[in-house]
Amino acid sequence: MASIDSSSIPQSDDQAAWNEAYDRLRHFLESFALGDHTQVPRLALHLLEEARALHRQEPARDPVTVTMENAQKRLAEWLGGNLEVDGKNPSQVFSSGYLAFLLSKHLRATPDVLLASPLLAELRAEMRGTLLVTGPDLNISSMTPRHLDYGPMLGLARNTWHRWNVREILVAVLFWTGVYFVFYWWLSELL
Amino acid sequence: MSASLPESVIAIRRTLFVGGSALLTIGGVVLLLRGYADQQIFPADYFVIALFPLLFSQIAIGFMLALFGFFDGLRGGDPHHVMRRPWRKNEASVPLAATAIVVPVFNEEVSRVAQGIENMWRSLEKTGQIEHFDFYLCSDSSDADHWIEEECAWLHLCQKLNAFGKIFYRKRRHSINGKSGNVADFCRRWGKRYRYMIVLDADSIMTGSTMVLLTRAMEANPEVGILQTQPVQVLGQSFFRRLLQFTGSVYGKIFSQGCSLAQMSSGAYWGHNAIIRIAPFIEFCDLPILPVSESRGRHVLSHDTVEAALMQKAGYDVWVAYDEGGSWEEGPPNLSDMLKRDRRWCAGNLQHFWFLFARGIGAGNRLQIWIGLMAYLSSPIWLAFLVAGSVSAFERKRFITFSAGPEDLDSLRPTETMLLFGITLVLLFLPRLLGLASRLPQARRFGGFFRLLFSAFLETALSILMAPVLMLFHTLFVLQALLGWQIRWTTQNRSDTGLSFSHCVALYGWQSCLGLIGQSVAWYYLDTSSYWLLPIFAGWILAPVTAWVTASSALGKGLQKWGLFAIPEEMQVPPELEGLSGDDQAAAAGSLWPQALLSPYVQAIHTSMVRQRSAGSGDKPSPSLVALRERLIAEGPAALKPKEKMRVLWDVETVFWLHRELWSRPTARLHESWSRFQSESPKSSLLRNYLVGK
């Protein structure tokens with residue numbers, strides 16, 4: 001069995017922080033849902049070793065931050081190297097790359113290609129071919145409401161409810177009184 | 001009215017329908033007045049006499065529609081109907097045209113919507129005509145979890161069905177004007193690419209063959225602007241939903257058939273499960289602003305009826321294809337959810353008052369608007385009628401007591417009154433009998449002859465019990481609408497989760513109190529005359545129990561096992577409905593939107609979709625957005641309000657920045673909930689259900 005380099009073993013003060021860094025990195029890598037579960041700890045340990053080396057240069061920084069920044073930097077380099085992403089900002093590189101990884105059948109079937117370099121030409125072409133179309137090209141139409149004449153009720157409602165006029169009120173009272181008496185007379189005659 | 005219909009046919013049908021309804025109403029009024037002969041008239045009687053024609057005319061119209069429908073069924077259908085014209089003989093030769101299937105969603109159950117689209121896609125594939133159809137999932141969801149799940153479900157659908165470039169997803173940043181605004185947004189953006197659109201609801205399902213048939217019908221009849229199918233309610237598990245399904249399946253068709261016979265080419269549009277000719281819809285059917293103040297809401301809430309009227313006004317026909325099948329929807333699972341929906345519909349229908357008198361609206365559309373208005377206005381009228389009738393009975397009784405007159409004067413003349421009562425019962429229940437009779441030849445598809453009869457009997461008893469409950473609520477809704485309270489487009493609950501008894505007591509308990517008090521007062525003042533009011537008071541008193549019992553899924557499933565309230569779609573489930581019931585759905589659980597910040601895949605999908613419409617400006621984020629980012633990290637996702645969550649998700653650079661920070665910051669500098677979300681990220685339900693499988 002190969003011996004382990006004791007210089008790479010963290011001091012007990014850092015133990016908790018490096019454990020946290022490992023856990024965080026493992027969760028992050030697991031979220032890629034790789035088909036081969038053993039690939040996650042392999043990758044995690046590899047990236048953790050890199051982070052420890054980096055941490056020795058900047059010991060004041062938190063191990064979690066160093067580890068995760070390094071992992072994301074490695075992913076950005078790997079995605080950028082395999083996708084044609086000239087002129088794209090980092091967020092575009094990540095979103096295009098992750099989508100390519102998600103949608104590629106080959107990449108999903110061979111999970112050890114994550115962060116592997118160089119990629120097979122076939123796989124690289126497949127990643128570059130991924131394009132997400134949420135909607136076809138716009139073909140703009142103008143849809144605006146037409147004028148609608150609401151008829152006599154509009155005037156009646158507006159005049160009645162928005163403006164009080166003594167003459168109109170009197171006419172209304174007279175009209176309905178007349179209707180009432182006609183109705184009353186009719187009922188009295190009928191019955 | 002369509003030029004393709006003979007004038008004489010239109011004239012005869014309208015004369016028969018309007019004349020029949022009017023004659024019945026006049027007959028009822030005359031009988032009522034004759035009942036008052038030789039009687040003392042009290043003030044309350046004037047209210048009774050004034051309100052009676054309004055109520056009785058509604059019963060008469062319903063009766064005439066059922067009679068028309070039954071007659072049409074007996075003679076084998078309307079030969080002038082657009083779906084019975086000569087083009088049907090060679091329908092396979094009618095070419096198809098580009099058609100969009102538009103599915104507007106608003107915080108709906110995403111897995112159910114996705115499964116529905118998948119089923120329709122597969123059904124269309126079987127027809128061999130799928131190249132003519134594209135799907136548009138148009139989201140107005142205001143809930144961040146729903147939005148993120150919709151995006152993942154869309155990608156999953158495209159992957160699973162190899163449908164990239166055929167199924168599209170659109171999320172509106174501002175949900176202006178609810179569903180009609182959502183559909184109008186589709187029309188403005190992509191309407192020109194298609195000749196037709198089939199508008200669905202989130203719970204709508206149509207078979208591929210029906211969609212192909214509708215498209216052919218539109219191609220063969222260029223004068224048709226809207227062709228509405230008759231969606232049948234299905235997939236119910238709760239007793240209430242199964243009750244509605246049964247009612248719709250047994251009685252729905254003769255009413256639709258009757259409406260179609262009376263209205264012909266100025267038929268109804270119900271806002272979904274219909275095909276629309278897009279060009280005239282864009283040109284003529286954008287909804288006008290209502291002539292009311294801003295505070296009362298100037299947007300038309302129930303858009304469908306108005307759109308049908310505007311289409312007709314523009315010279316296009318609107319038909320109801322009531323007999324084609326292959327068109328389904330889901331109903332509300334319980335009484336409370338139905339009332340929630342009715343509250344919205346009531347406000348919408350009352351707005352239609354303005355269109356009743358607008359110039360250029362067709363007579364058939366005015367009839368539709370009137371029926372819609374009276375569907376809710378009849379409730380306060382009925383309540384006022386009952387109160388006036390009771391007061392009149394009390395006054396009559398008191399008058400007899402004080403004047404020591406003959407006892408036969410304490411009620412109206414019995415011959416006329418009993419005749420009127422009998423006629424009313426006939427008008428109310430004969431349509432049900434006709435509907436039932438029309439279904440008897442297919443009794444086996446409803447569980448068998450005796451089960452069908454027994455189910456119809458139980459359904460009638462429950463309708464009698466629920467009618468007074470609906471009357472009171474509808475009266476409240478009418479008052480709310482008239483007082484100008486704002487009604488918003490809310491998500492319809494489609495899950496059969498049941499109601500707690502405490503909820504039922506809280507929501508319906510006041511009706512029980514009202515019923516008990518009313519019954520006591522009526523008994524005290526009216527004595528035996530109060531028996532007439534017993535069905536009303538019983539409905540109110542039992543309202544909490546009725547709501548609670550009917551919401552039960554266990555009871556619904558039990559009755560299904562016994563073959564009661566069965567419908568054909570339960571006896572033989574069509575392939576398009578498989579996997580859609582509540583039991584089949586694997587709903588994503590927990591808070592989902594944080595995965596758009598954590599999961600590399602979910603984040604990539606989200607940022608790719610948002611970026612397509614809003615390329616990052618590269619500007620620095622505003623101070624308020626910076627503060628929001630930090631608050632989200634320090635206080636966790638639960639601390640943000642819904643609008644703040646949406647603001648975060650709409651900004652691609654913020655999502656990316658948060659993704660980096662949430663993974664890189666030490667646990668001590670993150671809110672404790674983030675650790676949980678990080679560890680859950682690899683087994684998130686979004687990943688399991690949509691992206692990488694279980």
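One numbering rule holds for all chains: residues counted from 1, following each sequence as written. Labels follow written order: the first chain is A, the first ligand is 1, and so on. Local features in a predicted model are, by the rule used here, given only for residues with pLDDT of at least 70; side-chain atom pairs are given and counted only at 80 or more, and totals for whole chains, interfaces and linings are based on all residues. Side-chain calculation: all heavy atoms of the structure are included, whereas hydrogens and water are not.

**Thoughts on the overall build of chain B**
Working step 1: Helical segments are the DSSP runs of H or I of at least four residues, strand segments are the runs of E of at least two, and each set is numbered from the N terminus. Counting its secondary structure elements, chain B contains 26 helices and 10 strands.
Working step 2: We compute the radius of gyration from the C-alpha atoms alone; for a globule the expected value is 2.2 Å times N to the 0.38, where N is the number of residues. Over its C-alpha atoms chain B spans a radius of gyration of 28 Å, differing by no more than 12% from the 26 Å that the globule rule assigns to 694 residues.
Working step 3: For the exposure calls, accessible area comes from a 1.4 Å probe over protein chains only, and a residue counts as buried if that area is under 20% of its type's maximum, exposed if over 50%, partly exposed in between. Considering chain B as a whole, with its 694 residues, one finds that 59% of them fall into the buried category.
Working step 4: Where the 66 positive side-chain charges of chain B centre and where its 58 negative ones centre are 3 Å apart. Positive: Lys, Arg. Negative: Asp, Glu. His and the chain ends are not part of the count. For the purpose of locating charges, the reference atoms are NZ of Lys, CZ of Arg, CG of Asp and CD of Glu.

**Observations concerning the interface of chain B and chain A**
One frequent convention defines the size of an interface as the accessible area lost when the parts assemble.
Working step 1: Taken together, the contact between chain B and chain A spans 70 residues of the former and 57 residues of the latter.
Working step 2: A buried area of about 5900 Å², summed over both sides, lies between chain B and chain A, and 64% of it is on carbon and sulfur atoms.
Working step 3: What gets called buried area is simply the loss in accessible area from a 1.4 Å probe that two parts show on being joined, summed for both. Its largest share of buried area at the contact with chain A, chain B owes to Y46, Y601 and W663 of chain B, together 12% of the area lost on that side.
Working step 4: We define a salt bridge as a contact between a side-chain nitrogen of Lys or Arg and a carboxyl oxygen of Asp or Glu at a distance within 4 Å. Connecting chain B to chain A are one salt bridge. The contact definition used throughout considers only heavy atoms, calling two residues in contact when any of these lie within 4.5 Å.

**Things to note about the packing of aromatic side chains**
Working step 1: Stacked, tilted and edge-to-face pairs are distinguished by plane angle, under 30 degrees for stacked and over 60 for edge-to-face with tilted covering the rest, among Phe, Tyr and Trp rings (Trp via its six-membered ring) whose centres lie within 6.5 Å. For the structure on display, the rule yields 35 aromatic pairs over all chains.
Working step 2: Summarising the aromatic geometry, the rings of Y136 of chain B and F186 of chain B are spaced 4.7 Å apart at their centres and angled 65 degrees between planes, so their arrangement reads as edge-to-face. Note that Y136 of chain B is positioned in strand β2 (residues 133–139) and F186 of chain B in helix α5 (residues 178–190), a separation of 50 residues in sequence.
Working step 3: Given the relative accessible area of 1%, Y136 of chain B is considered buried.
Working step 4: Overall, F186 of chain B belongs to the buried group, its relative accessible area being 0%.
Working step 5: Feature note: the residues F28, F32, W78, F94, Y98 and F101 of chain A together with Y601, F656 and W663 of chain B constitute an aromatic cluster, connected by ring pairs.
Working step 6: Looking at R189 of chain B, its charged tip hangs above the ring of W190 of chain B, at a distance of 6.0 Å from the centre.
Working step 7: We count a charge as sitting over a ring when the NZ of a lysine or the CZ of an arginine lies within 6 Å of the ring centre and within 35 degrees of the ring normal. The ring of F677 of chain B carries R676 of chain B above its face, with NZ or CZ at 4.8 Å from the centroid.

**Some remarks on the sheet that holds strand β3 (residues 167–171) of chain B**
Whenever strands of a sheet pair, they do so through backbone hydrogen bonds, lying parallel or antiparallel.
Residues and elements named next belong to chain B.
Working step 1: Here, strands pair whenever DSSP counts at least two bridges between them. Taken together, seven strands build an open sheet; the order of strands is β3-β2-β1-β4-β8-β6-β9 and the sheet is mixed. Two strands in the sheet have a free side with no partner beyond their single neighbour: β3 and β9 (317–321). The sheet shows a mean angle of 20 degrees between the axes of neighbouring strands, taken without regard to direction.
Working step 2: Pairing of β2 with β3, which is carried by five bridges, proceeds in the parallel orientation. Looking across to β3, one finds that S139 is bridged to K171.
Working step 3: To obtain each axis, a line is fitted to C-alpha atoms, and for helices this fit is confined to the stretch in contact; angles are then taken between N-to-C directions over 0 to 180 degrees. Running at roughly 145 degrees to strand β1 (residues 99–105), α5 makes contact with β1, β2, β3 and β4 (196–199) of the sheet.

**Brief notes about the environment of P222 of chain B**
Working step 1: With respect to the element layout, P222 of chain B can be found in the loop between α6 (208–220) and β6 (224–229).
Working step 2: For P222 of chain B and R277 of chain B, which are 55 residues apart along the polypeptide, the C-alpha to C-alpha distance reads 8.8 Å.

**As for unusual backbone geometry**
What you tend to see is this: most non-glycine residues have negative phi, and most peptide bonds are trans.
All names here are of chain B.
Working step 1: At N107, a residue that is not glycine, the phi angle is positive and equals roughly 55 degrees.
Working step 2: Tracing the sequence through the fold places N107 in the loop between β1 and α3 (110–127).
Working step 3: Judged by its relative accessible area of 13%, N107 falls in the buried class.
Working step 4: One non-glycine residue, N177, lies in the positive phi region at around 65 degrees.
Working step 5: Relative to the helices and strands, N177 resides in the loop between β3 and α5.

**A closer look at the pattern of salt bridges**
Working step 1: Counted according to the given criterion, the structure contains 39 salt bridges over all chains.
Working step 2: The closest approach of N and O atoms between E30 of chain A and R26 of chain A, which form a salt bridge, is 3.4 Å. Of this pair, E30 of chain A and R26 of chain A both sit in helix α1 (residues 12–30), four residues apart, which is roughly one turn of that helix.
Working step 3: A salt bridge links D342 of chain B to R341 of chain B, with the shortest nitrogen-to-oxygen separation between them at 3.8 Å. Here D342 of chain B and R341 of chain B have matching classes, each one buried.
Working step 4: Within the structure, one salt-bridge network assembled from shared partners comprises R13, D72, R75 and D78 of chain B.

**Some words on the side chain of S608 of chain B**
Working step 1: Note on placement: S608 of chain B falls in helix α21 (residues 600–611).
Working step 2: Each polar contact in these results corresponds to two N or O atoms within 3.5 Å; when the atoms are within protein, one needs to be able to donate a hydrogen and the other to accept it, and residues that are neighboring in sequence are counted only if both atoms are side-chain atoms. Polar contacts involving the side chain of S608 of chain B include one to the main-chain carbonyl oxygen of A604 of chain B, which spans 2.7 Å.

**Observations concerning the state of the cysteines**
Residues and elements named next belong to chain B.
Working step 1: By definition, disulfides here are pairs of cysteine sulfur atoms that lie within 2.5 Å. Evaluation of the coordinates by the stated rule reveals zero disulfides over all chains.
Working step 2: Between C152, a cysteine without a disulfide, and C158, which holds the nearest cysteine sulfur, the sulfur-to-sulfur distance is 12 Å.
Working step 3: Distance from the sulfur of C285, which forms no disulfide, to the nearest cysteine sulfur (C187) is 9.4 Å.
Working step 4: Look at C285 and you get buried, because its relative accessible area is 1%.

**Focus on the nonpolar core**
Residues and elements named next belong to chain B.
Working step 1: Side-chain atoms within 4.5 Å link the members of a nonpolar core, which is a set of buried Ala, Val, Leu, Ile, Met, Phe, Trp, Tyr and Cys residues. Of all hydrophobic cores here, the largest spans 130 residues; its most connected members are I167, L227 and L691.
Working step 2: Top element by residues in this core is helix α4 (residues 144–161). It accounts for 10 residues.
Working step 3: For I167, the contacting residues outside a window of four places in its chain are I117, W121, F135, W154, L157, C158 and L161.

**Structural notes on the sheet that holds strand β7 (residues 232–233) of chain B**
All names here are of chain B.
Working step 1: Pairing is mixed in the open sheet, where three strands are placed in the order β5-β10-β7. Here the strands that pair on one side only, and so sit at the sheet edges, are β5 (205–206) and β7.
Working step 2: Direction of pairing for β5 relative to strand β10 (residues 327–329): antiparallel, over a ladder of two bridges. The residue bridging I205 from the neighbouring strand is W328, located in β10.

**Describing the pairing of β2 of chain B**
Residue and element names in this part refer to chain B.
Working step 1: Along β2, seven of the seven residues are buried, which leaves the element largely enclosed by surrounding structure.
Working step 2: Neither face of β2 is exposed, since F133, F135, L137 and S139 on one face and D134, Y136 and C138 on the opposite face are all buried.
Working step 3: Of the pairings in the sheet, the one linking β1 to β2 comprises seven bridges and is parallel in character. Bridge pairing in β2 links A100 to D134.

**Side note on empty space enclosed by the protein**
Residues and elements named next belong to chain B.
Working step 1: Throughout, the protein atoms alone are placed on a 1 Å grid, and a set of points is a cavity if a 1.4 Å probe fits but cannot get out or a pocket if it is open with protein on both sides within 12 Å along at least five of seven lines; lining residues have an atom within 4 Å of a point. Grid points are joined across faces, edges and corners, and a volume is the space filled by probe spheres set on the points. All chains considered together, the criterion is met by two cavities of 30 Å³ or more.
Working step 2: The calculated volume of the largest cavity comes to roughly 70 Å³.
Working step 3: Lining the largest cavity, in full, are V105, E108, V110, V113, A114, L137, E150, A153, W154 and L157.
Working step 4: Looking at the lining of the largest cavity, the elements with two or more residues in it are α3 and α4.
Working step 5: The biggest single contributor to the lining of the largest cavity is α4, with four residues.
Working step 6: When its residues are assigned to classes, the lining of the largest cavity shows eight nonpolar, no polar and two charged. When residue character is reported, Ala, Val, Leu, Ile, Met, Phe, Trp, Tyr, Cys and Pro are called nonpolar, Asp, Glu, Lys and Arg charged, and the others, Gly included, polar.

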